[in-house]
Amino acid sequence: MKRLPIPDDVTGDEIDQSVRQELLSLPKTLAEDVARNLVMVAKLLDTEPEQAYGYARIALRLASRVAAVREAAGFASYAVGKYSEALAEFRAARRMTGNTELWPVMADCERGMGRPERALAMAGEPEVQKLDRAGQVEMRLVAAGARRDMGQADAAVVTLQSSELASHSIQPWTARLRYAYADALLAVGREDEAREWFAKALEADQGGTTDASDRLAELDGVEFVDALDPDEAAQDEAAQDEVETVTVTVTEAPEADSEPASTESVADQPQDTEEPQDSDEPQGSDASQDGDEPQGSDEPRDGDDR
């Protein structure tokens, strides 16, 4: 099995206690190896998803019967757009634990595979009622995105209207919910209201998880120019080098009948240069549901900010 390099300072002790408990079923050396790969997945998932995916596949080959490993593999697959593979891993993890917390991201995988109607159907299943408040908000975001995927823009606006949206308290999901609502309003031509909700999203976005400030600027017709753009700076420097420096010296007025006497001194000039399957075994890129289901690889939609 090909391994990926892991820094010496990554010991595996960084993982959550709950994950550590799951790894106790493995031999000690194997558990440490799996833990270190899971730490790398967590470190790289947001910034280097392709690398995170590689570490997740290694962990999966080492310990495919550990639910935390299947879940990590699912999120790594999801991050690189392998939605069919991600769905298979999430199903396996859910079957091992019995938890419903992965229900919203499973529905979003259906969207990513080009099946918004299935995502919408999942939003009406009893599993949604078992989700905590954050999970229900996430499910609402997915359902609204599915509505937009199906061309039901007005219905998407209605789907996002909720007590969580109306609340003035700031929760971890508040910025994304307000942003999704503003985007949905803009999609149906309600620009003034959209601007108001983008502003509210920016107010709640303390961690910079959305680009609400850019959307506001776009609506206001503001264009940002990066004064420190390295490309522009290099062009300005090259242009300055090409400027010819000329010094002109004029003598006193010549006497009558004499030749005009003016001299022109030119400074030295620089020379020009050219510059899945539904089983507990690791899945490949295809996943199957309990019945036959077509595969897809559509990019995720912009209905919500995932």
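Cut-off values and rules
- Residues numbered from 1 in each chain as written.
- Predicted model: local features only at pLDDT ≥ 70, side-chain atom pairs only at ≥ 80, totals over all residues.
- Heavy atoms only, no water.
- Helix = DSSP H or I, 4+ residues; strand = E, 2+ residues; numbered from the N terminus.
- Axes fitted to C-alpha atoms, helices over the stretch in contact; angles between N-to-C directions.
- Parallel < 35°, antiparallel > 145°, perpendicular 65-115°, else oblique.
- Left-handed = near helix turned anticlockwise from the far one by under 90°.
- Contact = heavy atoms within 4.5 Å.
- Nonpolar A, V, L, I, M, F, W, Y, C, P; charged D, E, K, R; others polar.
- Phe/Tyr/Trp six-rings, centres within 6.5 Å; stacked < 30°, edge-to-face > 60°.
- Buried < 20%, exposed > 50% of the residue type's maximum accessible area, 1.4 Å probe, protein only.
- Lys NZ or Arg CZ within 6 Å of the ring centre and 35° of its normal.
- Core = buried A, V, L, I, M, F, W, Y, C linked by side-chain atoms within 4.5 Å.

Draft legend 1. Layout of the environment of A180. Within the fold, A180 resides in helix α11 (residues 174–187). Between the alpha carbons of A180 and F198 there is a distance of 8.9 Å; along the sequence they are 18 residues apart.

Draft legend 2. Structural view of the packing of α11 against helix α12 (residues 191–204). Between α11 and α12, the least distance of the axes is 8 Å, while the angle of their chain directions is 165°. Taken together, the axes of α11 and α12 lie roughly antiparallel to each other. In this structure, the crossing between α11 and α12 has a hand that is left-handed. Along its contact with α11, which presents T174, A175, R178, Y179, Y181, A182, D183, L185 and L186, the element α12 presents E191, E193, A194, W197, F198, K200, A201, E203 and A204. Grouping the constituent residues of the contact of α11 with α12 by class yields 11 nonpolar, 1 polar and 6 charged.

Draft legend 3. Here's a closer look at the packing of aromatic side chains. Within the structure shown, the criterion is met by 4 aromatic pairs. Taking 5.7 Å as the distance between ring centres and 80° as the angle between the ring planes, the aromatic pair formed by Y78 and Y83 counts as edge-to-face. The exposure classification of Y78 matches that of Y83, with both residues buried. On the numbers, 5.1 Å between centres and 90° between planes, the contact of Y181 with W197 is edge-to-face. With Y181 in helix α11 and W197 in helix α12, this residue pair connects regions lying 16 residues apart in the sequence. Taking the relative accessible area as the measure of exposure, Y181 reaches 6% and is therefore buried. Taking the ring centre of W197 as reference, the NZ or CZ of K200 above it sits at 4.0 Å.

Draft legend 4. Region of the structure containing the nonpolar core. I15, L23, L26, V34, L38, V66 and V69 are the most contacted members of the largest nonpolar core, which has 29 residues in total. Listing elements by their share of this core, those giving two or more residues are α1 (17–23), α2 (28–44), α3 (49–62) and α4 (67–79). Once you skip the residues sitting within four places of it in the chain, L26 turns out to touch A31, V34, A63 and V66. Membership of the second largest hydrophobic core comes to 22 residues, among which are A107, C109, A143 and A146.

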